[in-house]
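# Commentary on secondary and tertiary structure
Chain by chain, the residues:
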Amino acid sequence: MGAAGVINVCKNIGTGENFHKIATLRIAGLSGIYNSHHYSLGRFEMPPYNRGSLRSVYHIRHVDVQRLKALGSTESINHQKPDASTNVNRTIDIMVSHDWPRGIAHHGNTSQL
């Protein structure tokens, strides 16, 4: 099904209570098939799925993209800056998708692809 999400991968040094976080890698993912008719509709499918909703549940939605953008924001959901003392970095380091966005190859060196 179409979905968006972020995971944090942390590297810590030390043991017990005496450890330091040295790095956090945020990996985001966006999955789904683009369909212009369903993109702006939001999530409306509910089980049990009928023939139409079983197909459309796999389509990516604008709301999925917006949720992913919010997860990668430098601000929290309530629009407050992250606490500097906790060394929080909410930016996304790696974006993973199962399909190339349309035309993305034209933004690189196409002779090397």
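Everything quoted here is computed from the prediction, not taken from an experiment.

### Considerations on the overall build of the protein chain
Secondary structure assignment for the protein chain yields two helices and three strands. When the 113 residues of the protein chain are sorted by exposure, 16% land in the buried category. When contacts within the protein chain are restricted to residue pairs at least 6 apart in sequence, those whose partners lie at least 24 apart make up 50%. Accessible area of the protein chain: about 8800 Å², with a carbon and sulfur share of 56%.

### As for a nonpolar patch on the surface
Together, I7, V9, L25, I94 and V96 give the surface a local cluster of nonpolar side chains, amounting to about 380 Å² of exposed area. Of all elements in the fold, only β1 (3-15) and β3 (94-97) reach the threshold of two or more residues within the nonpolar patch. For V96, the position within the fold is in strand β3. By relative accessible area, V96 is classed as partly exposed at 42%.

### Structural notes on the environment of H37
Along the chain, the position of H37 falls in the loop between β2 (18-31) and α1 (51-56). On the basis of relative accessibility, which here comes to 63%, the residue H37 falls in the exposed class.

### Things to note about the packing of aromatic side chains
Under the definition given, this model contains one aromatic pair. Each ring, one from Y34 and one from Y39, has its centre 5.5 Å from the other, and the planes form 55 degrees; the classification is tilted.

### Quick notes on the pattern of salt bridges
Pairing between side chains of opposite charge can happen when the charged atoms of each approach one another. According to the stated counting rule, one finds three salt bridges in the structure shown. Put simply, R43 and E45 hold a salt bridge, and the shortest N to O gap is 4.0 Å. On the basis of relative accessibility, which here comes to 10%, the residue E45 falls in the buried class. Linking E45 and R61 is a salt bridge whose minimum nitrogen-to-oxygen distance equals 2.5 Å. Highlighted residues: E45 in the loop between β2 and α1 and R61 in the loop between α1 and α2 (62-71), separated in sequence by 16 residues.

### Some details on the environment of R61
Of the residues examined, R61 reaches a relative accessible area of 0% and is grouped as buried. Considering only alpha carbons, one finds R61 and R43, 18 residues apart in sequence, at a separation of 7.4 Å. With near-sequence residues (within four places) excluded, R61 lies in contact with H38, Y39, L41, G42, R43, F44, E45 and S56.

### Some thoughts on the side chain of S56
Checked against the element boundaries, S56 lands in helix α1. Aside from chain neighbours lying at most four places away, what touches S56 is H38, R43, F44, E45 and R61.

### Overview of unusual backbone geometry
The omega torsion across P47 and P48 is -5 degrees, close enough to zero to call that bond cis. In this structure, P48 sits in the loop between β2 and α1.

### Some thoughts on the confidence of the model for the protein chain
A low pLDDT score tells you not to read the predicted coordinates there in detail. On average, residues of the protein chain score 76 in pLDDT, and 74% of them are at 70 or above. For the protein chain, the element scoring lowest by mean pLDDT is β1, at 72; α1 scores highest, at 88. Residue range residues 83-87 is modelled with pLDDT below 50. Its contacts to residues more than four positions away, or to other chains, number one contact.

Parameters at a glance
- Residues numbered from 1 in each chain as written.
- Predicted model: local features only at pLDDT ≥ 70, side-chain atom pairs only at ≥ 80, totals over all residues.
- Heavy atoms only, no water.
- Helix = DSSP H or I, 4+ residues; strand = E, 2+ residues; numbered from the N terminus.
- Buried < 20%, exposed > 50% of the residue type's maximum accessible area, 1.4 Å probe, protein only.
- Contact = heavy atoms within 4.5 Å.
- Areas by Shrake-Rupley, 256 points an atom, 1.4 Å probe, with all protein chains shown as cover.
- Patch = residues over 30% accessible without salt bridge, like charges linked within 9 Å, V, L, I, M, F, W, Y side chains within 5 Å.
- Salt bridge = Lys/Arg side-chain N within 4 Å of Asp/Glu carboxyl O.
- Phe/Tyr/Trp six-rings, centres within 6.5 Å; stacked < 30°, edge-to-face > 60°.
- pLDDT = per-residue confidence, 0-100.

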